[in-house]
Amino acid sequence: MNKIPVGISSCLLGQAVRYDGGHKLDSYIAGTLAEYFDFKPFCPEVAIGMGTPRPTIQLVKINGEISCLGVKNPDVDVTAQLRDYAHQQKAVHDDLCGYILKKDSPSCGMERVKVYTNGQPQKIGTGIYANEMMRNNPLLPVEEEGRLGDPRLRENFIQRVYVLHRWKQLLAEGLTASRLTRFHARHKLIVMSHDNYVELGQLLASVSKTNLEEVANTYISQLMKALKKVASRKNHVNVLQHIQGYLKKELDADNKAELCELIERYRQGEIPLIVPLTLLKHHFRKNPDPYIEDSYYMSPYPQELRLINEL
């Protein structure tokens, strides 16, 4: 299996690049996720020559502008250097399918980084490098290691990584209207669990040879935006019931009742999503359906990741 390229803050892989000469090794990232992701480490502070160990830096708001300055020596201003490094790495970032950032970092934090105004901190900032990197790569799924502890956020991030990876595979194979339409069909149920899919379907209905690239660019932008919204239990129930409809002629009354009961128990929060999904897979193995078989909803990523066990 070819691993998926994903960017990451170097310290999360155990590299001793922190300001204090230490690291922040994350066992889940370096263990479980490293089996599926080919991590590309970045440490912008080391890359711009700050060294290890090094004086600490922080975000400071002066006259409405946020800068990255030295804590002990505010004359040290690395704002432009961090931004420049993000731009220098753009070609490398373009090949990535995701990025995991170090939380709270004035260079790498994704959100809620402390910003000091007249010496008073507020958690309203984004790391300077991270901000430029995300602006340069609006499609890229980005998450912080701390938020990956939340099962819903973890599943959402990894699902988006796999969707973008499949999109890049599609482009590598050669974009055609039929391939674009099939890509959407295979992801339609996933979109339903996150957001309204009607707008994407309407967009694809307008595709032609003359506007293929334009429609494709709009499509993937809207798709990744829709998937950023964490799938809700209510939407999952709607999808499960929709899938159940493909078995209405194949199941007897007892099997239908059992499936309905499990979907209702999931709706009530009594059981995880994997339980009704497992039963659906069982029924479709006995009663194959080409559309469901081609869909990614029930197998959006390797089952060994066990992401839906806690949803």
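This structure is a prediction, so every number in the text was calculated from the model and none was measured.

J.: Explain the overall build of the protein to me, please; I cannot follow it from the model alone.
T.: Along its length, the protein carries 13 helices and 8 strands. When its C-alpha atoms are laid out on the principal axes, the protein stretches across 75 × 50 × 40 Å. Per-residue burial for the protein yields a buried fraction of 47% across its 311 residues. For the protein, long-range pairs separated by at least 24 residues make up 66% of all intrachain contacts whose partners lie at least 6 apart in sequence. Charge centroids of the protein, computed over 40 positive and 36 negative side chains, lie 2 Å from each other.

J.: Teacher, can you tell me more about the sheet that holds strand 3 (residues 57–62) here?
T.: The pairing of strands in a sheet happens through backbone hydrogen bonds and is either parallel or antiparallel. Taken in spatial order, the 4 strands make up an open sheet running 4-3-6-7, and their pairing is mixed. The open sheet has two edge strands with one neighbour each: strand 4 (65–70) and strand 7 (120–125). Taking the axes of each pair of neighbouring strands and ignoring which way they run, one obtains an average angle of 45 degrees across the sheet. Where strand 3 and strand 4 come together, 6 bridges link them in antiparallel fashion. Residue pairing in the sheet places Ile 62 in a bridge with Glu 65 of strand 4.

J.: Help me out: how do you make sense of the pattern of salt bridges in this one?
T.: When charged atoms on two side chains of opposite charge get close, those side chains can pair. For the coordinates displayed, the defined rule picks out 14 salt bridges. The salt bridge partner of Glu 111 is Arg 147, with a shortest N-O separation of 3.2 Å. Remark: Arg 147 occurs in the loop between strand 8 (142–144) and helix 6 (151–173) and Glu 111 occurs in the loop between strand 5 (99–101) and strand 6 (113–117); sequence separation between them is 36 residues. Residue classification places Glu 111 among the partly exposed positions, given a relative accessible area of 31%.

J.: Please explain a negative patch on the surface as it appears in this structure.
T.: Taken together, the side chains of Asp 252, Asp 254, Glu 258 and Glu 261 define an acidic patch exposed on the protein surface. Residue position: Asp 254 is located in helix 11 (residues 253–267). Residue Asp 254 is classed as exposed on the basis of its relative accessible area, which comes to 63%.

J.: Any chance you could explain the sheet that holds strand 1 (residues 4–9) here in plain terms?
T.: The 4 strands lie next to each other as 2-1-5-8, forming an open sheet whose pairing is parallel. Strands with a single pairing partner mark the edges of an open sheet, and in this sheet they are strand 2 (37–42) and strand 8. Pairs of neighbouring strands in the sheet enclose a mean axial angle of 25 degrees, with direction left out of account. Both strand 5 and strand 8 contribute to a ladder of 3 bridges, which runs parallel. Across the sheet, Ile 100 pairs through a bridge with Glu 143, a residue of strand 8.

Cut-off values and rules
- Residues numbered from 1 in each chain as written.
- Predicted model: local features only at pLDDT ≥ 70, side-chain atom pairs only at ≥ 80, totals over all residues.
- Heavy atoms only, no water.
- Helix = DSSP H or I, 4+ residues; strand = E, 2+ residues; numbered from the N terminus.
- Buried < 20%, exposed > 50% of the residue type's maximum accessible area, 1.4 Å probe, protein only.
- Contact = heavy atoms within 4.5 Å.
- Lys, Arg positive; Asp, Glu negative; His and termini not counted.
- Charge placed at Lys NZ, Arg CZ, Asp CG, Glu CD.
- Pairing = 2+ DSSP bridges.
- Axes fitted to C-alpha atoms, helices over the stretch in contact; angles between N-to-C directions.
- Salt bridge = Lys/Arg side-chain N within 4 Å of Asp/Glu carboxyl O.
- Patch = residues over 30% accessible without salt bridge, like charges linked within 9 Å, V, L, I, M, F, W, Y side chains within 5 Å.
- Areas by Shrake-Rupley, 256 points an atom, 1.4 Å probe, with all protein chains shown as cover.

Any functional reading would require information that these geometric values do not contain.
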